[in-house]
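Structure at a glance
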Amino acid sequence: MTRVAGPLHLTAQETARFTPPAGVAPRSPVTRDCTACGACCAAPDIHALGKPLGVPCVNLGPDQGCGHLCAVYDTRPDVCRAYQPDWVCGEVAPLPTLGARVRRFLTIYGLQDEAGL
């Protein structure tokens, strides 16, 4: 595994995950780790958990000053286990509420109408 230069010491593949698509303004390069913002546990549908689009997972706890934590983290399904932060995290994590993060996540992917927002 070849690491690229920089303070975060990311591989080229890891760096590519944080490169926004064409036409999207670059966001903070600091948001490369999970911030426990809860967006990935609330915005997408998670079939393995029967969780619909735009609805927070029942296992997602409230933000208690350290972010939203998963109640079944150790036994979470593979789809959750395989998720890795990417450029979208830098776009949504700084927003002030879970609702705002979910709306932005769904807007980025063009799913706001499907989610009924």
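Look a little higher up for the structure.
Below: a short report on this structure. If you're wondering where the values come from, they're calculated on a predicted model, not measured in any experiment. (Residues numbered from 1 in each chain as written. Predicted model: local features only at pLDDT ≥ 70, side-chain atom pairs only at ≥ 80, totals over all residues. Heavy atoms only, no water.)

**Here's the deal with the environment of G99**
- Structurally, G99 can be placed in helix α5 (residues 98–108).
- Exposure remark for G99: the relative accessible area of 31% places this residue in the partly exposed category.
- Measuring from C-alpha to C-alpha, the distance between G99 and G54 comes to 9.1 Å, with 45 residues separating the pair along the chain. (Helix = DSSP H or I, 4+ residues; strand = E, 2+ residues; numbered from the N terminus. Buried < 20%, exposed > 50% of the residue type's maximum accessible area, 1.4 Å probe, protein only.)

**Focus: the packing of aromatic side chains**
- Enumeration over the complete set of coordinates arrives at one aromatic pair.
- On the basis of an interplanar angle of 50° and a centroid distance of 5.2 Å, the ring pair of F105 and Y109 is categorised as tilted.
- Residue classification places Y109 among the partly exposed positions, given a relative accessible area of 41%.
- One Lys or Arg, R76, reaches over the ring of Y73 and ends 3.8 Å from the middle of that ring. (Phe/Tyr/Trp six-rings, centres within 6.5 Å; stacked < 30°, edge-to-face > 60°. Lys NZ or Arg CZ within 6 Å of the ring centre and 35° of its normal.)

**Structural notes on unusual backbone geometry**
- Despite not being glycine, A36 has its phi angle at roughly 60°, a positive value.
- Mapped onto the elements, A36 comes out in the loop between α1 (12–17) and α2 (39–42).
- With relative accessibility at 14%, the residue A36 sits in the buried group.

**Things to note about α5**
- Restricting attention to buried positions, one finds in α5 the residues L98, A100, R101, V102, F105 and L106.
- Considering only its buried residues, α5 is in contact with α2 and α4 (87–92).
- Among the residues trailing α5, G110 stands out with phi positive, at a value near 70°. (Contact = heavy atoms within 4.5 Å.)

**Brief notes about the state of the cysteines**
- Applying the stated criterion across every chain yields a total of zero disulfides.
- Left unpaired, C40 is separated from the closest cysteine sulfur, that of C41, by 4.0 Å.
- Not part of a disulfide, C70 finds its nearest cysteine sulfur in C41, a span of 6.0 Å. (Disulfide = S-S within 2.5 Å.)

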